[in-house]
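# Results of the structural survey
One letter stands for each residue in the lines below.
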Amino acid sequence: MGAPLKITVAEPSVILRSGMLAVLEHTEKFKAEVYEVSDMEHLKAALNWQHPDVLMVNPASLGLYALQQLRKEAGNPQMKCVAVQLTVSDQTTLRSYDEVISIYDDAETIVGKLFKLTAEGEQRDRRHEALSGREKEVIACVVQGMTNKQIADRLCISAHTVITHRRNIAAKLDIHSPAGLTIYAIVNKLVELDAIRETVGEPGES
């Protein structure tokens, strides 16, 4: 079993928080390093030093705080966010979470959802490691709006080779849209956000 999965449980209710902690600390499916946050006003500061892999939180406790903004301000853009559903929640809100757990789920279901969520993340990490240095350079060029010919000229390779790299990238990452590739490049620090902003509106070709 590899490094422990770092999980932050953010919940004001001591009863609910204790219940979630008990489930996580007694599972044998994975090793967990669990933190707890009882005061939501201190959540961002806690995430800054805990740097968890997963945040479990009741969406109602966050109010209008956007998850993407929370990830950014906590300095942890790859943090998975799991909604702990206590009552009927707005489906639009729940769609922004990586997973949803109900307080009526049994322990096996909760652990299974977390295991599946983090296993998918590990698979994406392995796919990232499988990218060659040249493929990462191609991604950076693509998300900056460069055409195949411009990429070829920049990297001193043929346009045909660029197309081959792009096909391999799509197959390895299972990402087939420019928007998805852009998000991937930003999260994995293959390109600076300012570099993308500068190219907005410039023509490009697939």
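Shown above is the structure to which this text applies.
This text gives an overview of the structure that appears in the document. Owing to the predicted nature of the structure, the values given are computational and were not obtained by experimental measurement.

## Examining the packing of aromatic side chains
If you walk through the whole model with that rule in mind, you get 1 aromatic pair. Geometrically, the ring pair formed by Tyr35 and Trp49 is edge-to-face, given 5.6 Å between the ring centres and 80 degrees between the ring planes. Of the two residues, Tyr35 sits in strand 2 (residues 32–37) while Trp49 sits in helix 2 (residues 43–50), which places them 14 residues apart along the sequence. Using a relative accessible area of 59% as the deciding quantity, one classes Trp49 as exposed. A cation over an aromatic ring shows up here: Lys29 above the ring of Phe115, its NZ or CZ 4.7 Å from the ring centre.

## Focus on the nonpolar core
Ranked by size, the top nonpolar core spans 18 residues in total, and within it Ile139, Ile151, Ile169, Leu173 and Leu181 carry the most contacts. Of all the elements in the fold, those that place two or more residues in this core are helix 7 (133–143), helix 8 (148–155), helix 9 (159–173) and helix 10 (178–187). Here the element with the most residues in this core is helix 7; it accounts for 5 residues.

Scoring rules and cut-offs
Position numbers for residues count from 1 along each chain, tracking the sequence in the order it is written. Where totals are concerned, whole chains, interfaces and linings use all residues; where local detail is concerned, this predicted model gives features only for residues with pLDDT of at least 70, and gives and counts side-chain atom pairs only at 80 or more. Side-chain numbers come from the whole structure's heavy atoms, not from hydrogens or water. Each Phe, Tyr or Trp ring, with Trp reduced to its six-membered ring, pairs with another whose centre is within 6.5 Å; inter-plane angles below 30 degrees give stacked pairs, above 60 give edge-to-face pairs, and intermediate values give tilted ones. Only DSSP runs of H or I reaching four residues or more are called helices, and only runs of E reaching two or more are called strands; each is numbered from the N terminus. A simple rule labels every residue: compare its accessible area, found with a 1.4 Å probe on the protein chains alone, to the largest value its type can have, and call it buried under 20%, exposed over 50%, or partly exposed in between. The criterion is that NZ of a Lys, or CZ of an Arg, lies within 6 Å of the ring centre and within 35 degrees of the ring normal, and then a charge sits over that ring. The criterion is simple. A nonpolar core is a set of buried Ala, Val, Leu, Ile, Met, Phe, Trp, Tyr and Cys residues joined through side-chain atoms within 4.5 Å.

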